[in-house]
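A structural walkthrough
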Amino acid sequence: MTITNPGRKGRFGWHMNAVGIIGAAIILFWMVVAIAAPWISPYPVGKIVDFDYYGPMSSQFWLGTDYLGRDMLSRVLMGARYTVGISLAAVTLACFVGVTLGMIAAVIGGWFDPVLSRFLDALNSIPSLMFGLVVVASVGSSMTVLVLTIAVLYAPGSYRFARALAVNVNAMDFVTVARARGEGTIYTIREEIFPNIIGPVLADFGLRFVFIVLLLSGLSFLGLGVQPPNADWGALVRENIGSLSFGAPAVIVPSIAIASLTISVNMLIDNLPRRIRDRSD
Amino acid sequence: MSNDNVTNWSGRDDRMVENAIRRGATRRELLQLLMASGIGLAAGGTIIGRATKAFADTPKSGGSITAAGWSASTADTLDPAKASLSTDYVRCCAFYNRLTFLADGGELQMELAENIETKDAKTWKVTLRPDVTFHDGKTLTTDDVIYSMNRHKDESVGSKAAAMAKQMETFRKIDDRVMEIELSAPNADLPIILSLHHFMIVADGTTDFSKANGTGAFKCDVFEPGVRSVGVKNENYWKDQLPHLDSFEFIAISDEPARVNALLSGDIALAAPVNPRSIRRLEGVEGINLSKTTSGNYTDLNVRLDMNPGDKAGFVEGMKYLINRETIKRSVLRDLAVIANDQPVSPNDKYYNKELQAKEYDPEKAKSLFKKAGVLGQSIPIITSDAASSAVDMATVVQQAGQEIGMPFDVQRVPSDGYWSNYWLKAPIHFGNINPRPTPDILFSLLYASDAPWNESQYKSGKFDKMLVEARGSLDEAKRKSIYDEMQVMVSNEAGTVIPVWMSNVDVLSSKLKGLKPNPLGGMMGYAFAEYVWLDD
Amino acid sequence: MNALIARLVAKRLGIMLISLLIVAFAVFFATELLPGDVAQILLGQSATPEAVAGLRKAMHLDQPAFLRFLYWLGGLMTGDLGRSYANNREVADLIAGRLANSLELAFVTTLFSVPIALTLGITAAMFRGSTYDRLVSVFTVSVISIPEFMVATLAVLVFAVYLKWLPALSVANDVHGLGELLRIYAMPVITLSFVVSAQMIRMTRAAVIDTLDTAYVEMALLKGASRRRIVLKHALPNALGPIVNAMALSLSYLLGGVIIVETIFNYPGVAKLMVDAVSTRDLPLIQSCAMIFCVSYLLLILIADLVAIMANPRLRNQ
C-alpha cells in the first residue's frame, strides 16, 4: 500500500495491527517490571548467592548467575528500572527539545535559524566521549545528570533532523497558503508542520531510543553509569561479556532484554494507528 | 577447587607430572590425572604449565613474538625515571639494564654491578662490570650511573622514584668502574632498591628519550607512544647467551576479552594479565599455558583515621571484621588470591609474620563495634573506582554485608580518570591499589611511616617510625625479622587500611613460548620477559 | 544558481571559522574544569605537591593556562599544532598517522555500508507494508540493538578464535596486497556497518515514503509511470536531503566515535588518541583533536546541506 485513500482513514484511524499491539504489550510488560522490580526480585541485587559463576539456568536461579555469582534474574529485573526509565526520559526530553527548536527554526527563519543551527552544530561537533568525561569529572554522577547529559548529546541530532524535514514542509504550498491566511507561527507549527513530519520524527525517536539504551553502557564505562550494585542492561552485558564464549545466560539474557525492548519500541512506532502517524489529511 | 592445593603441591609432584609428560601423556590426560587427585582446573593448568617448561628447558635462538599488556597511552615513555605503566616497564627492561636484578624467589642477582659492598649500610661501594657498551657504542662508566641516579633527584625530570632516591645523598666516582653511594641514613636494602625498574641506567647526559640508548638486550627499533614498540636483538649484548629472540613487539590491549581472544587466535604469544574468570575458558585449550605469580599486589579499603567516621574508636576494627575475605577470594578473584591480614608484607617475603592471623568475617562483632562507634545505621559513603583493580566488586561485597547488619553503605563508583589525584588518599573511605615492592622497608616507608608520601589511612605512630629506622640500618637478620614482625602486627591492628587478599597475577602464553618464570616484581617475569624467553617449535 | 551556492559555501566557511573558535574556547574551559593537570596525571600515584610543582616548572606549565591556550591558538594560525605535554612530540606527528588510520577505516566502512543501506532503504520503501519491508525493519533494529562491543567480541570469537580465518587484531603496519587489507578490515568494518547502516536505512525508507505520499508522485502514478521510475526519478531526489543528512551524521561518528572498535581490534585511530589526551590533560593534543572532529563534522554537514538545497527545487529558489 503505497498510497492510501484519504476518505477511509477516519473510520479505521485508531485501529492498530497485531504487530503494533505486541510491541505495545512488551513495552508495557517491561514498564510493569521496572515498577515492581524490588518486590518481585527473588534475591537482593548485590548478594552473591552462588559460589559458582556464569551459572546456567536452574530451578534455583532461573536465569543463571553472573560473574560474581549473583542472581541474574534479580539483576535483569532491577536493571529494567534504569534502562527503561533513563532511556525513555532522556529520549523524550531530547526529541521534545530538538523537534520543537527545529520546527521553530524552520518556520521563523531569518537570523534565528542560522544562528541556532550553527550553535547546535558547534555543540554537536564536540565528541560525546569528551563531553561525558567532563560532565562526570565536574558534576559527578546521578540519575538526573545521566538523563540531562544524554538529552544534551542527542538533542542537536534530533534538531537537525526535524529542521531538515520542517524546512521541506515549510516550502510547500499549503503552508504558504496558511501564511497568506495570516496564521501565526505557533499555529503553523502545530497544525501544518508538525502533523506532516510526525512520521519520520517518530521513526527517529525509535532509533534514538535504541542508541540511548546502548549509550548507557558506554557511559558506565566512563564512570557515569548507574551506581553499583545496580546496573542497567547494557552494563550487565558488558560486565559479563567474558562468558560469551560459553554462551552463559549472564550475557545472553540482558542482550535479549535490550533487543526485546528496542525492537518493540520500533514495532509500536512503525505500526501506530494511522491517525497518529499521518495527521496530514 | 582451592588454591591452597598449589601451595601444597611439592617438587616431587611436579616431577611426577613432568615424567608423565615425558611419557607422552596428552594435556587432557594430565588434567584428568590432576582432577583425580583433587586438583581443580584452575590450579591444574598452572602446574602443568610449570612442568612443561621444566621439561623443554633448552633455549633456542631466533624468532620473534608479539606480546600484549593492558595499558598504553600517549604518555608512554622511554625514560625509566618516568615509567609508570606496564608497557613502560617492558620497554625499559628490554632496552636498559639495572645495577641489580631481583629474580625468582627474591634472589638478588648482580646485573651491571659486578659487586656491591658495605660495612655499615651507609656507605656503599659499587663496582661495575667491565666491557659493557651502550647501543651507540659508548662504554659504560660510573659517570653514566651517577647521571642516571641524580636524575631522580632533579624535580624537573618528574621521577616516580624521587622518594626512594632521596636517601642517596652523594655519589662519589672513584674511577671509571668503581663508585661510592653515601646514604643519608643506613639502609641495608640498598642493593634491592637498585633493582627497581626506575633505576635503569641511561647514558651520561641523555635528555632526549624519543629513542632509547641503553645497555639492554634489545635495541629500540620502533616506538610509537600508545600504539606499539619494537625491539631488535642487541648483537653486542654483554650477556653471552641472551637474548634468544631476534625481535619482539609489545602492544597493549586494554579490553580483557579482546586480549584473551588475540592470544587464542594466535595473534600474540603472551597476554598479561588475564582475569581470573577467563581461566575457565583457557583451561584445556591445546597450546596455551598459564603462568601465575602471587607477588604482593593488593587492593585495599582505606579508612582515614583523621576524618569522620574513621576517627571514631571501633569503626576501623568493625570494617576489618565486616569485610568477607573468603567471599572476595572465592567469588571476586576465583581463588586466584591468598587471604591477607591487613598489612602489606606478602607471604612470599622472608620477613612475613606467619603468626599474624587474618580477622575472620564476623558481622555480629562488626555490628557491635559500629554501635560502639555510634555510626550504626548511618549511610556512610565508600568511594570506589575501576582504577583500582577489583575495587568495585569488593565494595559491593562490603555493601551487601553492611546491609545485612543494618549498616547501609553508600557505594559511589567514580571514574578511573583522575582517580589517583582526586580521591585516593583524600576521601574518608576509599580504595587503593598497591603494586608489589620487594622489601618491608620500602612498603612501610612508602605507606605507613608518619611522613610516608602515600600514607593511605594517615596512620601516625612515633614508635613505628623509630622501629622502621632501626630495622633499616641493621645488618643483623634476626633482629630485623623480629622488628618487622612487630611492625606487621601494629599495622594490622592500628592502621586504617583493610587489606583483604593478595591478588595473583596470571599471564597466558602460547605453549611455544618458553622460559617465562614468576618474578617478585610483577607479571611477565617482572616485565623483563623479552630478554629471557625463547620460541620452541 | 552556482553563484548562489558559492556565496552560501563562502558564508558557511566563514561561520565555520567562528564555530571553530567557539569550540576551541569551549574545549579549553571544559578541560580546565577537569580535576588535575598533566603534571599530576603523569606523576600518578607519586604526585606529591613538591614533585608536581617541580615538574610543572620544568614543563613550563607554571604560566596561567589561559596564556598557554592563547599561545597555542597563535601557533595554530601559523599551522603549528604545538607539542604534546605528555611526551613532548609534535602534535602533528602524533595525529597524522592515526588520523590516516581513522580516515581509512571510515572510508572503507562508507564504501561498504552506504550502498547496502540505500538499497535496503529504498526497496523497503517501494514495497512498504510487505513482508520484505517488515523483515528489513526488524533486521535494522535488531542489528543496532546489540551492543557494539558484543558484535565485535562475537565476531572475533567466531572468525578469529574458532575458524581462524581472520586476525583478531587489526594492525595495519605491514600490509601486503588487497587480500590482506580485506582480512584486516573485515571485522571492524562489519561491526561499524552494523552501527551506522541502521540509521541510514531507516531514514532513507522514511524519507522516500514521505515523498511517495506527496501529491506530485500521486500524479505521476496516475499518469501511469512505473513504480521503479517514480521512486528513482521523482521520490528519491526529493528525499535526498534527509538521507544525506543521516549519512553525514554517520560519517562523523565513524571518525571520532569508534572508541569501542578501536579498543577491541587494537586499531590505532584518533578516538583513542582523544581519550588519552583527555585523561592526561594534554591541552594541545585535546585541542587539536577537537579541531579535527569539529572541522570534519562541519564540512560533512555543509555538504549534506548543499545536497539538500540542490535536490529540493523550492529551497533552491529561495
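The rules behind each value
- Residues numbered from 1 in each chain as written.
- Chains lettered and ligands numbered in written order.
- Predicted model: local features only at pLDDT ≥ 70, side-chain atom pairs only at ≥ 80, totals over all residues.
- Helix = DSSP H or I, 4+ residues; strand = E, 2+ residues; numbered from the N terminus.
- Buried ≥ 20, exposed ≤ 12 C-beta atoms within 10 Å, placed from the backbone.
- Contact = placed C-beta atoms within 7 Å.
- Nonpolar A, V, L, I, M, F, W, Y, C, P; charged D, E, K, R; others polar.
- Pairing = 2+ DSSP bridges.
- Right-handed = clockwise from strand over helix to strand, strands pointing away.
- Expected span 1.5 Å × (residues − 1).
- Axes fitted to C-alpha atoms, helices over the stretch in contact; angles between N-to-C directions.
- Left-handed = near helix turned anticlockwise from the far one by under 90°.
- UniProt positions renumbered as here; feature names shortened; annotations may be inferred.

This paragraph deals with the overall build of chain B. Within chain B one finds 20 helices and 20 strands. Here chain B, with 537 residues, has 56% of them falling under the buried criterion. In chain B, once contacts between residues fewer than 6 apart in sequence are set aside, the share between residues at least 24 apart is 70%.

What follows is about the overall build of chain A. Helix and strand counts for chain A come out as 11 helices and zero strands. Going residue by residue from the N terminus, the α and β elements of chain A occur as α-α-α-α-α-α-α-α-α-α-α. Expressed as a percentage of its 281 residues, the buried residues of chain A come to 56%. Residue pairs in contact within chain A that sit at least 24 positions apart in sequence constitute 72% of those at least 6 positions apart.

Glancing now at the interface of chain C and chain A. If you look at the interface, chain C gives 55 residues, while chain A gives 45 residues. If you tally residues by element for the side of chain C that touches chain A, the top one is helix α1 (residues 2-33) of chain C, at eight residues. In terms of residue class, the side of chain C that touches chain A is built from 37 nonpolar, 12 polar and six charged.

Okay, the interface of chain A and chain B next. Each side of the interface is counted separately: chain A has 20 residues, and chain B has 24 residues. Ranked by residues supplied to the side of chain A that touches chain B, first place goes to helix α5 (residues 128-139) of chain A with three residues. Here the residues of the side of chain A that touches chain B sort into 13 nonpolar, six polar and one charged.

This next bit is on the pairing of strand β15 (residues 410-414) of chain B. All names here are of chain B. The element β15 is extensively covered by neighbouring structure, given that four of its five residues are classed as buried. In this sheet, β15 lies alongside strand β14 (residues 381-385) in parallel orientation, the contact comprising five bridges. Residue Ile-383 lies in a different strand from β15, and its bridge partner there is Gln-412. Of the crossover connections in this fold, the one passing from β14 over helix α14 (residues 391-404) to the parallel β15 is right-handed.

Turning our eyes to something else, we now look at α1 of chain C. Under the 1.5 Å per step criterion, the end-to-end length of α1 of chain C is 45 Å for 32 residues, consistent within 8% with the ideal 46 Å. Buried within α1 of chain C are the following residues: Met-16, Ser-19, Val-23, Val-27, Phe-28, Ala-30 and Thr-31 of chain C.

Before going further, it helps to examine the sheet that holds strand β4 (residues 113-118) of chain B. All names here are of chain B. What the four strands build is an open sheet, ordered β4-β5-β7-β6; its pairing is antiparallel. Because the sheet does not close on itself, it has two edges, and the strands there are β4 and β6 (168-173). Ignoring which end each strand starts from, the neighbouring axes of this sheet average 20° apart. Pairing geometry for β6 and strand β7 (residues 178-183), over five bridges, is antiparallel. Bridging from a neighbouring strand, Thr-170 pairs with Glu-182 of β7. In the packing of helix α6 (residues 142-151) onto the sheet, contacts are made with β5 (123-128), β6 and β7, and the angle to β6 comes to roughly 165°.

Okay, the packing of helix α7 (residues 148-162) of chain C against helix α8 (residues 177-212) of chain C next. All names here are of chain C. Running from N to C, α7 and α8 cross one another at 150°; their axes reach a closest spacing of 10 Å. Once α7 is placed against α8, the crossing between them reads as right-handed. From α7, Glu-148, Val-151, Ala-152, Ala-155, Val-156 and Phe-159 reach across to α8, where they touch Met-187, Ile-190, Thr-191, Phe-194 and Val-195. For the contact of α7 with α8, a count of residues per class yields nine nonpolar, one polar and one charged.

Another aspect to go through is the UniProt feature "domain: Solute-binding protein family" (unreviewed entry) in chain B. Per the UniProt record, "domain: Solute-binding protein family" (unreviewed entry) is found at residues 108-451 of chain B. Between the C-alpha atoms that bound residues 108-451 of chain B there is a distance of 29 Å. The span itself is 24% helix and 24% strand.

This part takes up the environment of Thr-153 of chain C. Residue and element names in this part refer to chain C. By the element assignment, Thr-153 lies in helix α7. What makes Thr-153 buried here is the crowd of 24 C-beta atoms within 10 Å. With 15 residues separating them in the primary sequence, Thr-153 and Ala-168 have C-alpha atoms 9.5 Å apart.

This part covers the pairing of strand β16 (residues 429-434) of chain B. Consecutive side chains of a regular strand alternate in pointing toward one face of the sheet and then the other. Residue and element names in this part refer to chain B. Within β16, five of the six residues are buried, which leaves it mostly tucked inside the rest of the structure. Relative to β16, strand β12 (residues 288-303) runs antiparallel, the two being bridged by six bridges. When the sheet's bridge partners are listed, Asn-302 is paired in β16 with His-430.

Okay, the environment of Thr-384 of chain B next. Residue and element names in this part refer to chain B. By the secondary structure assignment, Thr-384 is in strand β14. Of the residues examined, Thr-384 has 30 C-beta atoms within 10 Å and is grouped as buried. Along the backbone, Thr-384 and Ser-416 are 32 residues apart, and their C-alpha atoms lie at a distance of 9.3 Å. Once residues within four sequence positions are removed from consideration, Thr-384 is found in contact with Ala-391, Val-392, Ala-395, Val-411, Arg-413 and Phe-431.

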